[in-house]
Each structure stands twice: as structure tokens, then as C-alpha cells.
8 protein chains.
Amino acid sequence: MGLNVYLSGEIHTDWREQIIEGAQGLDLTFTAPVTDHAASDDCGVAILGAEPDKFWHDRKGALMNAIRTRKGIEDADVVVVRFGDKYKQWNAAFDAGYAAALGKSLVILQPEAHDHALKEVDAAALAVARTPEQVVGLLRYVLTGALPD
Amino acid sequence: MGLNVYLSGEIHTDWREQIIEGAQGLDLTFTAPVTDHAASDDCGVAILGAEPDKFWHDRKGALMNAIRTRKGIEDADVVVVRFGDKYKQWNAAFDAGYAAALGKSLVILQPEAHDHALKEVDAAALAVARTPEQVVGLLRYVLTGALPD
Amino acid sequence: MGLNVYLSGEIHTDWREQIIEGAQGLDLTFTAPVTDHAASDDCGVAILGAEPDKFWHDRKGALMNAIRTRKGIEDADVVVVRFGDKYKQWNAAFDAGYAAALGKSLVILQPEAHDHALKEVDAAALAVARTPEQVVGLLRYVLTGALPD
Amino acid sequence: MGLNVYLSGEIHTDWREQIIEGAQGLDLTFTAPVTDHAASDDCGVAILGAEPDKFWHDRKGALMNAIRTRKGIEDADVVVVRFGDKYKQWNAAFDAGYAAALGKSLVILQPEAHDHALKEVDAAALAVARTPEQVVGLLRYVLTGALPD
Amino acid sequence: MGLNVYLSGEIHTDWREQIIEGAQGLDLTFTAPVTDHAASDDCGVAILGAEPDKFWHDRKGALMNAIRTRKGIEDADVVVVRFGDKYKQWNAAFDAGYAAALGKSLVILQPEAHDHALKEVDAAALAVARTPEQVVGLLRYVLTGALPD
Amino acid sequence: MGLNVYLSGEIHTDWREQIIEGAQGLDLTFTAPVTDHAASDDCGVAILGAEPDKFWHDRKGALMNAIRTRKGIEDADVVVVRFGDKYKQWNAAFDAGYAAALGKSLVILQPEAHDHALKEVDAAALAVARTPEQVVGLLRYVLTGALPD
Amino acid sequence: MGLNVYLSGEIHTDWREQIIEGAQGLDLTFTAPVTDHAASDDCGVAILGAEPDKFWHDRKGALMNAIRTRKGIEDADVVVVRFGDKYKQWNAAFDAGYAAALGKSLVILQPEAHDHALKEVDAAALAVARTPEQVVGLLRYVLTGALPD
Amino acid sequence: MGLNVYLSGEIHTDWREQIIEGAQGLDLTFTAPVTDHAASDDCGVAILGAEPDKFWHDRKGALMNAIRTRKGIEDADVVVVRFGDKYKQWNAAFDAGYAAALGKSLVILQPEAHDHALKEVDAAALAVARTPEQVVGLLRYVLTGALPD
């Protein structure tokens, strides 16, 4: 048994790298959105042509990013959604809802400070983790049955 | 043709009442989450027994509220999600993602200030409205073909 | 047994009225897109605000009309798609493909002149009719087993 | 992450070859309908026996081509539909509707002249491109996050 | 709880009438194909125009009848399929397979002489009955819990 | 908003009656399996003919009961599964798994003594209740937002 | 593009071998039911224990064969169903209905003598072939676009 | 044709090893839950942090184990559920219900003593086996058509 894992959410820290590195040797395939913030914001107009109106500039980019995001989530067995300390992060919560409706196994990675605000999201999840190490421990256990030392 | 409309999101202003009142006479059925904030937070423990730990207190309530939320969204033709000026509102974004994955017609009601932060959510929607009146106008048009005067 | 029938396609002749009138007395519920051409084109900007760019003007309207179109097709048992003599009518063919993928019973109403160009669409249909009277005859037979005199 | 891409629509120019060539080196698998116009028209009768009536001649071919078309669309992550300058191209619009109903990521490749006539089709798409190069740029970005120079 | 029951198969005896009469007073809705053999065979050409070739004559009729058959089966909770003593009855077995794949509750009404030939069909069913009275008894029990005297 | 509620599981106490009585006045529709133990065991052979082998005697009855059980669960919004003090009750756990896979809102009614043995079942549920009164309180809250006094 | 092809139906001639041999070199994977008639009839009791009653003897075998049949059909892109000259062949028609309801591309291989009796089955198919060579020609065309010489 | 087989249920005897060993050489992939009882009970708290309350201690573990269980069942062609002599084994029955609702081919491995109590579970299955050797015989037959000597 292997698992496809989609890593959604916060793009300002190296939590994805920590998970991928920590999980080396396990039968896991990771996917993620484009995490280059500028490219992600401007992809639509850079590729398909400029828009004078910021709203449609954003729309063009968001639609294009959705091709990757949907593919990643739909192919995933496990969707890990990371909520960081800052920003609205509505796309992270949107991905969590999208994944939940598709019946994906959802893991939320969040600081305790967000517990109350995320209670509906957490209630749809199979695990709430505090650190990337815990996510690695969870993935290792699910695949191998081994608990951390 | 009638429409079932689920009104998700912000619970601190009377936007739901404005839509329901404005849409009188149209063949619409409205549903919504429990909007009494205190009841919504405490329902789990009030009905099923106290929890000393706040995390599980919240979990019990969020799971119970999910019975109503899922029923509302799954039965809806149109899901309107309102983002207000304040708070994290991750449950609103979660509902939007959930509705999008189920193929529901999504309408987002939001102030312009949130446009960039909501661009992924908006890109999954069939309309972005600024006022409850616009939502009423949209529902009237969809049902009757009549434009506002 | 009753049937929900969605009448898609051409909006410049009275074929819908002919079918609805001819089918009086049968247990049928008809739905259709907004057939007021000007309202259908301008609904998005009339309700949600003007767009200087014609492309996004059209997009806003098309997204709003999709709320009605999808509801109509998804609730239908039978989708009748009319191709007239003129215009591109790509939205009619799009609706036919959409309905086919959902497993709806598809009836195409078309002049013989279009037979070769519509062969892929017709191949997904359960009937190809030439006149509204034939569609009425078909609906009557499906509901009652009665053939035309 | 790799992507399966179905290239639907116009068969009179080399747009498919341009995309496939431009996308060399990316983790993409391309499928397409049979693009030999004569073979596509006559396959049914050539393999299963002649039909004196042109309508059923066409039907036999269209049904046979549907085996390939459905397989291509159903296995695809991305469906690119090209509308050329000429002809009715209703099968292209039908494919777009079919793909949309299945939740595929839809990309429309069209000249500006068709923008108004294709507005409903475009509204179901995640991108509207003008050139095969733009489609290549989009696919490269979705897979690698890299924008054009 | 009420049940929609589709009565498929043999059209040469009055088994449908026996079931419907026997089940009077129960919360049941019955549907069935057109059981007028001649009308069923000729509906396609009678309504949509003659075909010189018997194969396409039959095809036109079979496609038209499929509108009713699919609606009946898809809306049914229980599909009763009757195999009589004579004829090929492949459409009955086809309906049984169609209903089974949709997860419908399947009841087969057949003489013992067919038991071996129908073993794959029976294995997909929830009951194999010998008489219309048994089917009535089954429907009464399912709805009310009452056994025959 | 109304709710369909299927009451699965233990048939030796009056827990169903307590819930139905306690919930009077709420917009609820209740369904349940046949709760007459003897009828439920013997329905297959009583209606379709005796079986000398107890295994097939049981099989005939279980298949017939499945018509009602599946209809009840598939139409339900909420599935309440009651585990009593005694017996294996594997059909109750089977119903819970069946309902969970269909995405139904699951409520488990169980004594504390079973908590550890039911932990996988409970983890798929949206609520674990101890008394019929709690189930009534939950249903009232979900429909009306009102908490118990 | 490759295709999975399930070969259902008649087991008394070598039509499967003719297709598999004729299609050598094409990207096809063939599956089929167990075609050893005696093994297919007796598998249930041979593996799980004897049954004195022929009805349950047959049932045990039919259920076991369904594991293979369902897997074959559910994984198939194309389901070819062969009707021979003799026998009831209800399992073939059942497979055709099962495949049709799952949206599989259906090809029927039948003698002309059966055309009228199979008209409902044929109407759900994308091709009706007379010989294994025609099926090979069809599969070659679908994969490569090449017509027979 | 190969098969994915999920081995659910009893974890106190070596029935899984017997099946896997007996089936060597067949094109089978086996998955199973974590069968280390202590690890399975404590995984949630060991990885995500301690819980003072046993109920939530169990919940955390059960949710985590569900990631593996759901993946195993959803990817399986055949789900074998073993009921042993002892314990409640409600998770086994839950898995059987879950698999049945997803349309998986279900095989139950049980002692005769449980036949009456498991009759509803067995009625949803395609085979009831008494020994691991019988399960191996079934899998060999399904894949190769060969009966035991």
C-alpha cells in the first residue's frame, strides 16, 4: 500500500519540505499547489494575456491554479491542510471542504491558537496535528503500523 | 422551477433576513445553519454531556452542527456564502469548498476588500455579489428571467 | 409516471410554445433557459455591476445563466435540444453534451440540412425529431403508450 | 504529477502537433479523436457493412467514434477544445459539455471572433487561450509552476 | 415508507394486473414499459417517420422505448422482472442487469424450469418468486411487516 | 427543513417508541426495519416457500429484509444505530458501516460499557448518545436550533 | 491509449480466441468469464461445500462467478457481448444491461436472426457486429484510426 | 486480471498469513488493517499527544486507523471479513457494511456457530467460507478458473 498525499495551505514556511524529508523511504507520493506566491498570483495574465482589472487578473490566475489543485486533491488519498499563524487562508479552508466532500482522508496541521476557529474544519478531519513531525509519524504509522520510538 | 437556497457564513448581521424578505413571492426555500452563536458553540455538550477539554467540547458541537449543515448543502441548488468584515470565517470557506465539490451553484457575498484573499473561492462561484439586494436580484432573474428595473 | 422536460437551444421561433401547447393534459413539467435574448446577454452586469470589457460582461452573464441551465438539465428526465437554421448554437450543443454525460434521455429537434454536422450529437440521443409535433407525439407515447392517429 | 490531456475539436490545422511538440519533455499524455476526416466519416460502414441511407451511415460512424472519444475524455485530466474559424463544430461544443458535466478541467482554444458565441462554453472552462503556445504555457505552468520567459 | 416498483419483462399474460390488484391498499406506485406489443414495436417509425430497413425500424422504436424504461428503472426502489415460458426475453434480462448495476432491489418472477438458465440473474436478486401472489406477499411484508395468513 | 431518520439496531426494548414519541411535533419521518423478531426471521420461507436447510432459510429472510433496510438507509438523512446490552448485533454494525459509506449522518446510541468495542463505529458517527432523550434533543436542535431547557 | 475489453457471452465456439488472435499487436487487455462450463457450474460447491438442493448449488456458483464477472466489466472500457445461435443466454443479456448502466462502451456480436429479439440490447450498444473479424476491425480502428484494407 | 484483496476482521489468529501463503503465485495484492493490537489502540495518542479521557483516546486512534482502513477497502476488489470465535467484532461488521455499500465483492470467513447471527452480513456477500483454504481456493478459481484437486 502506498499513499498519494496532497499538501495544501500555507506557503510561507518550509513545512512541506519537513514532511517530505521526514517521510523519506516511505511509499508516498506528494503533490502540492504552486508555492511560488508571485507566479501563483500572476500565472493567468502571464500566460493568457494581461487584464486591466485586478478582479479578473486574479480570476484568470485562480482558474488556472485550479487545474493543478483539483487534480492534486482528486488523486489524493490523504489531504494535509496547513493553517499558519497569519493571513486569511480561505483557500486552505476551501480545499479542506472540497476534500471532505470527496471523502478524502483529511489531516489538519494547525497551531492551538486556531482550535476554536477551525472546529468545523477539524470535525471533518481524521487527525489534527501540531507539527510536521506528527504528520510524518501519522503517515509512517498508516503505512507500516510502526509507532514513534 | 423552484430553488433550494442554503445561506452559509457570517452570523453577525441580518443579511439572511434581507435576502429572505427581499425574495418574498419567489419559489424559493431557504435553509441555513443555526445562527445563535452560543447555542451553536455549546450544542454538543448541552445535549450529549459536558467535556472538560475545550477541544472536545468544540468537536462535539461541530459534529452535531454538521448534521444540519450537510443536509442543507446537499439539498441545495444554490449555496450563498457570506464573508463579513471580521473573523477568520474558515467554516464559510469550508462550506464553499464542500458545495463546489458537490457541483452546487455557488454565490459569494463579500466586500471588495476581500477580493484578493477570496480569489480561489470566487473562481469556483457562478456569481460574486456585494449586497443582499444583488443576491435577491440574481435569484429573481434565475427563476423568472426578470431584470431589476 | 410524469416527466420533467428541459427545452434547450434555439430562441428565435416559438417551438417551445408549440410543444407545451401540444402536450397539454400530459403529466409533464417543462423548464427552459431564459429566452429573452437581451436579458440573457446582460443579466450579469445588470444585476452585479457593469464591466467595461465585453469578454467579462459576457462571462458574468453566462455564469449567472448557468445557475438556471444546470438546475434545469440536472432535474430533467428528458432534454430536448433544438437546432435552428441559423447561428452557431454552440450553447445548444454544449447542453446536449452536458445532458448526455449525466445520462439524460436526449431528444434532438433539427432540420435535415444539419444531419451530417450533428451526427455525433444525434448518436448520443434517443430520438431525432423534425417538428415540434413529433416531439409531442414522442412525449405522449412515452407517458401513455398511445401512438398518433 | 502528470496529466492526461484530450485534444478535442477542429481537425483542419496542425494545432495538435504544435501543442504536442511544444510540450515535449513535460509529463503529459495526449489523446485525441481520429483526425483523418474521411476515415472518421466512413468507419462505421467500412467495418460493419454499408448503409444505403446517409443518416444511418453517419450514425454507425458516430457511434463507433464515440468509443474512442468517451474513453479519451473520461480518462483525461484536462480537455482542450479547439474551435476553428469555419464549420459548425457542434461535436466540439458537445465534447466541451460532456467534459464539463464530468468535472474535467476544460481549456478552450478559440479566435476572438467567436468570443460572444462561445460565452457559455467559456464560462464552464478554466482557461480561454488564443494560440497553441498559450496552451503549452498553461500545461507547463500547471505541471512545473514555471511561467514563460 | 412507500415503494416505487417497476414491472419489467413478459407482456403476454396478466401478471402485472394480478400484482397491482393484489397489492391494493399498499403504499406502492407501479410503473412498467408499454405493454402493447404492436405499439412498442412500431412507435419509432409511427412518430418519427418510416424506415425501409427493419434493423433501423427496430432501432428507432427501441431507443424511444428506452426513455420510458430508463425512467422507470431509475426511479424504482424495487424492480420485478418476469420471465415467461416462451421467447428469448433478452430485454428482460437486460433490464435485470441494468437494475442490478444501479443497486436496485431486484425480484425475479420465474417458473422453476428456468432456474438453471437464470442462475446468474437470480444471484443478483433479493428474491426469486414463482407466482404474482408471492410478489404481492413480499411487497406487503416489506412495507408492513405482515406475513401471509 | 425536515429530516428522514432511520432507526437501526436493537429490537428488544422500546427505544424507537421513546424517540418517536419524544420527537412529536418535529418535522421528522421515521423508518425502521421490521422489528417483529419471528416475522423477520421467517419472512423468506413464509412468503417464498420452505427451505430444509437453516442456512438458506436464513438467507431467504435476510435478502427479503434487505429490501426494506436498504430503502430505509438510502432515503435517510440521519441513521440512528442502537446497540443494546446483549447479543452480537452484527447487523447493527453492518448498517452503520453501510450508512457511513453512503455519507449519511450517523448517530450511535450505546451504553458506556461498549465504548471501547465500538470505537471504530463511533469514529464514523457525528454523535454518540446514551439515551433516547439525548437523540430527541439532538434531532430537535438540528431542526430548530433549540437547546434543552 | 490502450483499452480493456471484456468478452462476455457465448462459451461454445472459439470467438474469443479469434478476436484475441486477430488483435495481436494492439494495445488491448482482454478479460472474460471462466469459460469451462463444468467448472463454472460447480465452482461454488467444489470450493465451499456441497449443496443437496440444485437451486442453492447453482446460487453458490453464480455468486462466486460474479466476483470475476463484475471485476471484468467494471474495469473494462469496452464490453463485447456475444449471442450465439442456441440457448437462453440470459447471463449475456444481463451483462449487457449491467455494462450499459455503468456507461461502458458496448459492442454486440450476433447473427442477423437475433436482430429483432435483441433490439433493446442493440439500442444500448455502440456497435452491432456479425463476425469476430468485425470486432477486431473495430478495435483496431478505435485504437489506431486505421480502416480495414 | 489481478485482484486487490483487503483482509478485515479478527486479529488474534494467523488466518491472514494462511491465505497469503496459500495464494502464493497468484496475481493478488493483499492489504489489511494494522494488526498489532496495542499499536492500533494507542496510535492516536502516541503520535498526536495524550488524552486523559479514554473515550477521546480511543477516538483519536480510531480516526487514524480509518485512514488505512478506508484506503484498503476503497482500493479493494474483494474484501474478506473474518469473524472469529470471540469478542464483539463490531468493526468487522462495520467494514462489511462499508464494503457492501461501495459495491465490493464481499467474502465472509466464519464458523458455523455464527451463521444465524451473521445472516444479514452473509446475505450481502458473494461467498461464505469456513477456512482460509477455502478463501484461497476461491481466489485461485476467480483468477484462473481452476478448481481444487
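What you see is a predicted model; the values in this text were computed from it and never measured.

Rules used throughout
Residues numbered from 1 in each chain as written. Chains lettered and ligands numbered in written order. Predicted model: local features only at pLDDT ≥ 70, side-chain atom pairs only at ≥ 80, totals over all residues. Heavy atoms only, no water. pLDDT = per-residue confidence, 0-100. Least-squares fit on C-alpha atoms with pLDDT ≥ 70 in both. Contact = heavy atoms within 4.5 Å. Buried area = accessible area lost by both parts, 1.4 Å probe. Salt bridge = Lys/Arg side-chain N within 4 Å of Asp/Glu carboxyl O. Polar contact = N/O pair within 3.5 Å; in protein donor to acceptor, adjacent residues only side chain to side chain. Helix = DSSP H or I, 4+ residues; strand = E, 2+ residues; numbered from the N terminus. Axes fitted to C-alpha atoms, helices over the stretch in contact; angles between N-to-C directions. Parallel < 35°, antiparallel > 145°, perpendicular 65-115°, else oblique. Left-handed = near helix turned anticlockwise from the far one by under 90°. Expected span 1.5 Å × (residues − 1). Buried < 20%, exposed > 50% of the residue type's maximum accessible area, 1.4 Å probe, protein only.

1. With respect to the confidence of the model for chain A
Now for step 1: Put simply, chain A has an average pLDDT of 97, and 100% of its residues get 70 or more.
Now for step 2: Model confidence for the complex is summarised by a pTM of 0.98, with the ipTM given as 0.97.

2. Some words on the relation of the copies chain E and chain F
Now for step 1: Between the two copies, chain E and chain F, the superposition gives an RMSD of 0.0 Å; the rotation angle is 90° and the shift along the axis is 0.0 Å. Overall, the copies show the geometry of a four-fold rotation axis. Among all residues of chain E, the one whose C-alpha sits closest to the rotation axis is E:Asp75, at a distance of 8.9 Å.

3. Description of the relation of the copies chain B and chain A
Each copy of the chain is related to the other by a rotation around an axis and a translation along that axis.
Now for step 1: Of the two same-sequence chains, chain B is brought onto chain A (RMSD 0.0 Å, axial shift 0.0 Å) by a rotation of 180°. Taken together, the rotation and translation relating the two chain copies correspond to the operation of a two-fold axis.
Now for step 2: Mapped onto chain A, 100% of the interface residues of chain B again fall at the interface, so both copies present the same surface.

4. A short note on the interface of chain B and chain A
As a measure of interface size, the accessible area lost when the parts come together is often cited.
Now for step 1: Listed by partner, the interface residues are 34 residues for chain B and 34 residues for chain A.
Now for step 2: Between chain B and chain A the total buried area reaches about 3,100 Å² when both faces are included, carbon and sulfur atoms providing 66% of it.
Now for step 3: When the buried surface of chain B facing chain A is broken down by residue, B:Trp90, B:Phe94 and B:Lys119 rank first, second and third, together holding 24% of it.
Now for step 4: Linking chain B to chain A there are two salt bridges.
Now for step 5: Of the charged contacts in the structure, one is a salt bridge between B:Asp41 and A:Lys119, with a shortest N-O distance of 3.1 Å.
Now for step 6: Inspection of the chain B/chain A interface yields twelve residue pairs in polar contact (both at pLDDT 80 or more).
Now for step 7: Of all elements in the fold, only α3 (54-75), α4 (90-101) and α5 (119-123) of chain B reach the threshold of two or more residues within the side of chain B that touches chain A.

5. Things to note about the packing of helix α3 (residues 54-75) of chain E against helix α4 (residues 90-101) of chain E
Residues and elements named next belong to chain E.
Now for step 1: Between α3 and α4, whose axes approach to 10 Å, the crossing angle comes to 40°. In terms of their interaxial angle, α3 and α4 are classed as oblique. At the point where α3 passes α4, the crossing takes the right-handed sense. Along the contact surface, α3 presents Thr69, Arg70, Ile73 and Glu74, while α4 presents Asp95, Tyr98 and Ala99.

6. As for the interface of chain E and chain F
Now for step 1: Facing the 22 residues of chain E at the interface are 17 residues of chain F.
Now for step 2: For the pair chain E and chain F, the two sides together bury roughly 1,700 Å², of which 71% comes from carbon and sulfur.
Now for step 3: Summed over the three residues of chain E that lose the most area to chain F, namely E:Met1, E:Leu126 and E:Tyr141, the buried surface amounts to 38% of that side.
Now for step 4: At the junction of chain E and chain F, the tally comes to one salt bridge.
Now for step 5: A salt bridge links E:Asp77 to F:Lys71, with the shortest nitrogen-to-oxygen separation between them at 3.0 Å.

7. Describing helix α4 (residues 90-101) of chain A
All names here are of chain A.
Now for step 1: In a regular helix each residue adds 1.5 Å, so twelve residues correspond to 16 Å; α4 covers 17 Å between its end C-alpha atoms and thus fits that length.
Now for step 2: Taking burial as the measure, the twelve residues of α4 include eleven buried ones, the bulk of the element.
Now for step 3: If you check which residues of α4 are buried, you get Trp90, Ala92, Ala93, Phe94, Asp95, Ala96, Gly97, Tyr98, Ala99, Ala100 and Ala101.
Now for step 4: The first or second residue beyond α4 is glycine 103, which carries a positive phi of 80°.

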